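Below, each chain spelled out in residue letters.
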Amino acid sequence: MTKPFAARLTAAVARYRAEIAGPREHLSLLRWQIDQGHALDSRDTFPGHVTTSAYVLSPDHSRILLIDHVVIGRWLQPGGHWEEAESFHDSAAREALEETGVQGLRLHPWHGGSDAPFVIDSHDVPGKPARGEPAHVHHDLQYLFLADPDAPLVAQIEEVHAAAWKPLAELADIAPLGLARIRSLTPPG
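Keep in mind it's a predicted model, so treat the numbers as computed, not measured.

A. Just the environment of Ala-169, in detail. Within the fold, Ala-169 resides in the loop between strand E8 (160-167) and helix H4 (171-174). Given the relative accessible area of 44%, Ala-169 is considered partly exposed. Between the C-alpha atoms of Ala-169 and Leu-179, which are 10 residues apart in sequence, the distance is 7.5 Å. Leaving out residues up to four positions away in the same chain, Ala-169 has contacts with Leu-179 and Arg-183.

B. Broad picture of unusual backbone geometry. In this chain, Phe-46 is followed by Pro-47 through a cis amide linkage whose omega measures 20°. Within the secondary structure layout, Pro-47 lies in the loop between helix H2 (28-35) and strand E1 (48-57). Of note in this structure, Leu-27 is not a glycine but carries a positive phi near 55°. With respect to the helices and strands, the residue Leu-27 is situated in the loop between helix H1 (5-19) and H2. One non-glycine residue, His-61, adopts positive backbone phi at about 65°. Its place among the elements puts His-61 in the loop between E1 and strand E2 (63-69).

C. Representation of the packing of aromatic side chains in the model. Counted according to the given criterion, the structure contains 5 aromatic pairs. Here Tyr-55 and Phe-118 contribute two aromatic rings whose centre-to-centre distance is 6.2 Å and whose plane-to-plane angle is 75°, an arrangement assigned as edge-to-face. Within this pair, whereas Tyr-55 is found in strand E1, its partner Phe-118 is found in the loop between strand E5 (106-107) and strand E6 (119-125), the two being separated by 63 residues in sequence. Take Tyr-55 and Phe-118: they sit in the same class, and that class is buried. With a centroid separation of 4.9 Å and an interplanar angle of 90°, the aromatic rings of Trp-110 and Phe-118 are classed as edge-to-face.

D. Looking closely at the pairing of E2. Most of E2 sits out of view: 6 of its 7 residues are buried. Pairing between E1 and E2: 2 bridges, direction antiparallel. Within E2, the residue paired with Val-56 across the bridge is Leu-65. The hairpin turn running from E1 into E2, its antiparallel successor, is 5 residues long, and His-61 in that turn takes a positive phi close to 65°.

E. Focus on the environment of Asp-121. Of note, Asp-121 is situated in strand E6. Considered as a pair, Asp-121 and Val-137 are 16 residues apart in the sequence and their alpha carbons are 9.7 Å apart. Setting aside chain neighbours within four positions, we find Asp-121 in contact with His-138, His-139, Asp-140 and Gln-142. Side chain to side chain, Asp-121 and His-123 meet in a polar contact 3.2 Å long.

F. Molecular detail of the environment of His-38. Residue placement: His-38 occurs in the loop between H2 and E1. Within polar-contact distance, the side chain of His-38 engages the side chain of Gln-33 at 3.0 Å.

G. Here's a closer look at the nonpolar core. Among the nonpolar cores identified, the biggest contains 43 residues, and Leu-9, Tyr-55, Val-56, Ile-64, Phe-88, Leu-171 and Ile-182 are the most heavily contacted of them. Put simply, the parts of the chain that give this core at least two residues each are H1, E1, E2, helix H3 (88-100), E6, strand E7 (136-146), H4 and helix H5 (176-183). Excluding residues within four positions of it along the chain, Ile-64 makes contact with Tyr-55, Val-56, Leu-57, Ala-164, Trp-165, Lys-166, Pro-167, Leu-168, Leu-171 and Ile-182.

About the criteria used
Residues numbered from 1 in each chain as written. Predicted model: local features only at pLDDT ≥ 70, side-chain atom pairs only at ≥ 80, totals over all residues. Heavy atoms only, no water. Helix = DSSP H or I, 4+ residues; strand = E, 2+ residues; numbered from the N terminus. Buried < 20%, exposed > 50% of the residue type's maximum accessible area, 1.4 Å probe, protein only. Contact = heavy atoms within 4.5 Å. Phe/Tyr/Trp six-rings, centres within 6.5 Å; stacked < 30°, edge-to-face > 60°. Pairing = 2+ DSSP bridges. Polar contact = N/O pair within 3.5 Å; in protein donor to acceptor, adjacent residues only side chain to side chain. Core = buried A, V, L, I, M, F, W, Y, C linked by side-chain atoms within 4.5 Å.

Shown next as structure tokens:
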């Protein structure tokens, strides 16, 4: 039986902080919300809630799959609000598949089959006053995947203007911590 969301999140954050996080990655707000028992699996929880996203790399680590996000108006890694899944990386993979149509997605060997995030990025997002949503925080659990950059892509036009493989350096302005960690890896194979 799968552990409840809160227990899985607590374990993932604890492992991330113990084994992966840099010295300035305190994740204070996320840890406080966990301690307070906030329903971080609900997008209606404020000041923040969980999202998942995918760094999808070409096998040689030279390219990254990005989406041109309709609402945000910039290129980002695929991702979205948490929806129930067996694991956090399954949620991230589902988002990548839904938004880009990428086929043959596989969890990067870096994860060693675990559900430990590659990066946890808590970042501010603007609210949507029309929905009564205040500015808030997305606690984004980010996972690393591999896929064939020659396979066709199909962008989810409701949320994505386009999906495309870009040079890895494109992450510099989008996700500098993710870029630094990817660059520290040796491509598998």
